[in-house]
Every structure is written in structure tokens, then in C-alpha cells.
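# Structure assessment
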Amino acid sequence: MIIRYFAWIRERLNRDEQQLELPDNVKTVQDVLNHLRAIDEDFAFVLPPETVFRAALDDELVELDTPLGSAKELSIFPPMTGG
Amino acid sequence: MIIRYFAWIRERLNRDEQQLELPDNVKTVQDVLNHLRAIDEDFAFVLPPETVFRAALDDELVELDTPLGSAKELSIFPPMTGG
Amino acid sequence: MMGISVTIQAEIFDAGDLVNQFTRDMPEAGAVATFTGLVRSKPEQPIKALILEHHPTMAQKQIERFAQEAVDKFDLLAIQVVHRFGEMKVGEPIVQVMAASSHRQAAFDGANYVMDWLKTDAPFWKKEVGADGAHWVEARDKDEAAKNKWTK
Amino acid sequence: MMGISVTIQAEIFDAGDLVNQFTRDMPEAGAVATFTGLVRSKPEQPIKALILEHHPTMAQKQIERFAQEAVDKFDLLAIQVVHRFGEMKVGEPIVQVMAASSHRQAAFDGANYVMDWLKTDAPFWKKEVGADGAHWVEARDKDEAAKNKWTK
């Protein structure tokens with residue numbers, strides 16, 4: 001799965017995106033976050049559990065308990081401030 | 001007092017405005033209308049009591065029971081359809 | 001421009017040029033809402049032209065009052081109204097209201113407020129010229145109702 | 001134009017030209033409501049520039065969805081959205097939404113609806129460049145509340 005980052009999350013992680021092999025027990029968006037926190041110290045530091053952010057699977061906004069299904073991309077970003 | 005007419009009221013009366021000497025007992029907009037109906041057959045025909053119209057004294061929309069005060073102009077017209 | 005501007009004219013205006021002139025030099029305006037009213041022709045009842053009669057002095061005063069009320073009520077930075085009278089063709093602009101504010105909802109509300117009052121309380125009367133001659137447009141109860149939403 | 005048009009671009013656009021192009025050839029549209037969002041600088045906290053980051057594919061899809069919802073909900077004849085990304089100066093337009101309808105309130109509601117959703121659900125992020133460096137703009141609870149008025 002490709003994980004994409006935007007705005008201050010992208011800046012603080014110092015990466016736009018990353019390719020990630022997911023273990024079988026990673027089934028939801030929340031699972032991906034927990035997995036990343038476990039394997040990546042930078043991620044755990046920048047996005048601790050209390051962080052307010054939003055997520056999208058293949059261009060659709062989703063809740064954290066949404067199953068990944070066949071999505072190819074997970075985007076992680078702060079609340080939007082467009083318009 | 002000058003009485004001004006607009007839109008279909010102006011067209012049916014076939015006049016834009018008229019100068020009118022008012023008797024002392026004419027004190028409100030309604031009194032002017034009653035007076036005009038009494039002295040002017042055309043007016044009585046075009047603007048019978050059940051007509052829906054609006055009135056303004058010196059550029060201010062008023063109710064029919066409004067006293068004429070020192071107003072110089074009374075405008076009589078149908079409900080507005082601008083914008 | 002800043003403040004209030006109300007113009008009543010027979011000449012056609014360029015809707016886009018008005019928007020650009022209005023938004024120029026307003027660094028604090030984050031939001032501009034514009035309403036443009038156009039001469040409309042329905043396929044089932046096509047018209048050839050619209051003639052708008054008005055009461056000049058009263059129209060100017062009334063619209064200036066609605067504009068001032070909108071500025072006060074919604075804390076607008078500026079508002080501009082241009083309203084035409086006389087004869088116009090289908091597709092031509094009749095009226096344009098532009099409201100500038102720091103915030104989006106205030107700009108929308110300001111333009112909407114002026115239009116609602118203008119429809120019922122500004123002395124303009126529309127006459128439609130169709131294939132079967134000309135007839136005066138009747139006032140709509142809906143417009144009267146729309147206006148009342150602001151005083152609820 | 002008729003229907004729905006959504007454009008996301010880095011290039012500056014001319015707010016007035018967009019209005020004129022949009023209103024051309026719509027004989028049934030009696031009402032056009034336009035919202036223009038501009039880069040704003042407050043005297044107490046002046047900015048030099050605004051940088052807008054976005055998620056291109058998702059932004060396009062989301063805005064097309066809000067536009068379609070507005071057309072269905074308010075029976076619009078047409079809606080057009082132009083949203084910029086990248087760096088812009090104070091006074092430049094960021095976004096413009098135009099909604100055309102036979103009737104005034106539908107046009108206002110259509111443009112307002114798209115803006116409310118766009119503010120909270122379209123993937124754009126603002127970074128303000130001021131004298132003291134650049135900082136990301138925080139989302140406002142007010143925007144979230146504004147969006148919810150449509151589902152009441």
C-alpha cells in the first residue's frame with residue numbers, strides 16, 4: 001500500500017509518500033497507524049495517538065475504523081483549510 | 001399635493017402625475033384615495049377599493065392610514081417586481 | 001472601493017468588469033459574494049424584451065437604505081448595487097449586488113439580504129414584451145415571504 | 001456553459017472574465033450567484049503570500065461531488081468551480097464558485113452549499129507566509145458548523 005502525507009504532516013515526517021508492506025493482521029486505517037507507530041519512531045513522534053488528522057482511502061474521506069478493502073492508497077493529512 | 005402614478009396604474013389612468021388641492025378633511029393616504037374616487041370617475045374605475053397597490057409619501061413606503069403630514073408627493077403604484 | 005455604492009442606470013453594464021472593479025484594492029476582503037439578475041426567457045413562454053419602469057428618487061433612497069442595513073447587520077467591508085431601468089434584451093443583466101467581507105457567510109448574507117428587500121420594496125416594475133404583446137409582471141407572494149426570513 | 005465544471009489550477013484567474021463566460025448563452029438563467037475567495041491580509045497580522053497545498057485527484061473528485069449535490073438539491077442550471085493551488089499574493093483570487101438558476105435563492109444556496117463543504121471536506125491546506133516565516137493555517141470549528149446547516 002502507498003501511504004501519502006500532506007501539509008504539516010508531510011513536512012514533519014519529511015516525506016511525501018512511502019510504500020508499505022502490510023502484515024495480515026492490519027485490516028483498518030487505525031491498524032495501519034498502529035503498525036506505523038510500532039515500526040517507525042519518526043511516525044510515532046509526529047503522529048501520536050492524540051493527533052487530530054483525517055484520512056482518505058483512494059480519494060475518499062474515511063473514518064479510522066474503515067476496513068482497507070482493496071484500496072491502493074491511504075492519505076493522511078490535517079483537517080482541511082481550503083476555500 | 002402632487003400625486004404620481006406608476007406601471008399599470010399610470011397606463012390605465014393615462015397620466016404620470018397630477019396636482020391636487022386637498023380639502024381640509026383629507027388627512028391620510030386613504031383619505032386622498034377616497035377623495036379622488038369621489039371627484040374623478042376614471043380614478044374610481046381604475047382603482048376601486050379592492051385594488052392591491054402600494055403608496056409612498058415623499059419616497060417613503062407608507063400604510064394607507066398614514067397621515068399626510070408635510071409630504072409634498074404621494075406616489076401610487078402596484079406591488080414592486082424589481083431585482 | 002470601500003463603503004456603499006448604489007447606481008441606477010439605463011445603460012447596460014458588464015457584470016465581470018463590475019466584479020473586478022469591486023474586488024480591486026480590498027486587501028482585508030477575503031470573501032466577495034455577487035448576485036447577478038438577468039433577463040430570462042422561458043421556452044414555454046419566450047419573451048423578446050423586458051421593460052423596467054422605476055421611481056428614480058425613491059429607488060435610490062430605498063436601495064441605499066437596504067445596503068446600509070446589510071453593512072450594519074453583517075459587518076460588511078463594502079457593498080455595491082447597480083440596477084437598470086428601461087428596455088433590455090434576453091440575457092442582459094438587470095441588477096448586480098456585490099458584498100465584500102472578511103468572512104464568507106457575511107458576504108453571502110449581505111448580498112442575499114439586499115436582493116430579498118429589493119425584490120419587494122424597491123420601486124421597480126417589470127413589463128415583459130412577448131409575441132402576444134406586452135404585459136406587467138405580477139408580484140410573487142414568494143418574494144414577500146423571502147424578505148421576512150431576515151426579521152424572524 | 002451548462003452542467004458542471006470543476007477546474008483546479010495553479011494559474012491565476014480573472015474573476016470577472018469567469019463570471020462573463022459563465023453567464024453567456026444561458027437564456028433560462030435569471031439568477032447567477034458568485035462567490036470569490038481572495039487572499040486576505042489583516043493589518044494586525046499582515047501576510048506576504050499564501051501557499052496552498054492540495055491532494056489533486058481527491059480534490060477534483062470531492063469538488064465534483066459537492067457540485068453535483070448542489071445541482072440536484074437546488075435544481076441548478078449550471079455550476080462552475082475554479083480552485084487554485086500553489087503560491088499566491090494578497091488580493092489574488094483563490095477560489096470562485098458560480099451557480100446559475102431560474103431563481104435567486106437557489107443560485108445563492110447552490111454557491112453557498114459548495115463553499116461550505118469545500119471549506120471542510122476538500123483536501124486543500126493553507127500556509128501563510130508572514131514577516132516571521134510561514135505557518136500552516138488551523139482549521140476552524142466554525143467551518144465544520146457551517147457545513148452542518150445543510151443536513152439539518
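Residues numbered from 1 in each chain as written. Chains lettered and ligands numbered in written order. Predicted model: local features only at pLDDT ≥ 70, side-chain atom pairs only at ≥ 80, totals over all residues. Heavy atoms only, no water.

Time to look at the interface of chain B and chain C. Counting residues at the interface gives 22 residues for chain B and 27 residues for chain C. For the chain B and chain C pair, buried surface summed over both sides reaches about 1900 Å², with 51% attributable to carbon and sulfur atoms. It is Asp59, Thr81 and Gly83 of chain B that lose the most area in chain B upon contact with chain C, and together they represent 36% of the buried surface on that side. For the pair chain B and chain C, the interface holds 5 salt bridges. (Contact = heavy atoms within 4.5 Å. Buried area = accessible area lost by both parts, 1.4 Å probe. Salt bridge = Lys/Arg side-chain N within 4 Å of Asp/Glu carboxyl O.)

On inspection of all chains with the given rule, the structure shows 22 salt bridges over all chains. Between Arg4 of chain A and Glu73 of chain A there is a salt bridge, and its shortest N-O distance comes to 3.2 Å. Taken together, the residues span a long stretch of sequence, with Arg4 of chain A in strand β1 (residues 2-5) and Glu73 of chain A in strand β5 (residues 73-77) at a distance of 69 residues. What makes Glu73 of chain A partly exposed here is its relative accessible area of 21%. One connected set of salt bridges, linked through shared partners, spans Arg84, Lys89 and Glu92 of chain C. (Helix = DSSP H or I, 4+ residues; strand = E, 2+ residues; numbered from the N terminus. Buried < 20%, exposed > 50% of the residue type's maximum accessible area, 1.4 Å probe, protein only.)

Turning our attention to the arrangement of the chains. The highest contact count of any of the 3 pairs of chains in contact belongs to chains C and D. Spatially, chain B is disjoint from chain D: no contact exists, and the shortest C-alpha separation is 9 Å.

Checked against the element boundaries, Thr81 of chain A lands in the segment after β5. Its relative accessible area of 8% is what places Thr81 of chain A among the buried residues. Looking at Thr81 of chain A, its side chain comes within polar contact range of the main-chain nitrogen of Lys126 of chain D, at 2.9 Å. Residue contacts for Thr81 of chain A: discarding those within four places in its chain leaves Lys119, Phe124, Trp125, Lys126, Val137, Glu138 and Ala139 of chain D. (Polar contact = N/O pair within 3.5 Å; in protein donor to acceptor, adjacent residues only side chain to side chain.)

Throughout the structure, instances matching the rule amount to 16 aromatic pairs over all chains. Between Phe6 of chain A and Phe77 of chain A, the aromatic rings sit 6.1 Å apart at their centres with planes inclined by 75°, giving edge-to-face as the arrangement. Taken together, the residues span a long stretch of sequence, with Phe6 of chain A in the loop between β1 and α1 (7-13) and Phe77 of chain A in strand β5 at a distance of 71 residues. Residue classification places Phe77 of chain A among the buried residues on the basis of a relative accessible area of 0%. When the ring of Phe74 of chain D is compared with that of Tyr113 of chain D, the centres are 5.8 Å apart and the planes differ by 70°; the resulting orientation is edge-to-face. Of this pair, Phe74 of chain D sits in helix α2 (residues 56-74) while Tyr113 of chain D sits in helix α3 (residues 104-121), and the two are 39 residues apart along the sequence. We classify Phe74 of chain D as buried; its relative accessible area is 13%. With a relative accessible area of 6%, Tyr113 of chain D lands in the buried category. What links up through ring pairs into an aromatic cluster is the set Phe66, Phe74, Tyr113 and Trp117 of chain C. (Phe/Tyr/Trp six-rings, centres within 6.5 Å; stacked < 30°, edge-to-face > 60°.)

Positioned with a positive phi, Asp59 of chain A is a non-glycine residue whose angle comes to about 75°. The residue Asp59 of chain A is located in the loop between β3 (54-57) and β4 (60-62) in this model.

What follows covers the relation of the copies chain D and chain C. Once turned by 180° and shifted 0.0 Å along the axis, chain D lies on chain C with an RMSD of 0.0 Å. The transformation just described matches what one would write down for a two-fold rotation axis. For chain D, the residue whose C-alpha comes nearest the rotation axis is Gly16 of chain D, separated from it by 1.7 Å. Here 100% of the interface residues in chain D have copies in chain C that are interface residues too; the copies meet face to matching face. (Least-squares fit on C-alpha atoms with pLDDT ≥ 70 in both.)

Moving on to the sheet that holds β4 of chain A. Here 5 strands make up an open sheet; going across it, the order is β2-β1-β5-β3-β4 (chain A) and the pairing mixed. Whereas interior strands pair on both sides, the edge strands pair on one side only; in this sheet they are β2 (17-19) and β4 of chain A. Averaged over all pairs of adjacent strands, the angle between their axes in this sheet comes to 25°, without regard to strand direction. As defined by bridge partners, β1 of chain A adjoins β5 of chain A across 4 bridges and the pair is classed as parallel. From the neighbouring strand, Ile3 of chain A faces β5 of chain A, where its bridge partner is Leu74 of chain A. On the sheet, α2 of chain D packs against β1, β3, β4 and β5 of chain A and is oriented at approximately 90° with respect to β4 of chain A. (Pairing = 2+ DSSP bridges. Axes fitted to C-alpha atoms, helices over the stretch in contact; angles between N-to-C directions.)

Turning our attention to the confidence of the model for chain C. A residue-level look at chain C finds 97% of positions with pLDDT of 70 or above and a mean pLDDT of 92. Confidence estimates for the predicted assembly give a pTM of 0.93 and an ipTM of 0.91. (pLDDT = per-residue confidence, 0-100.)

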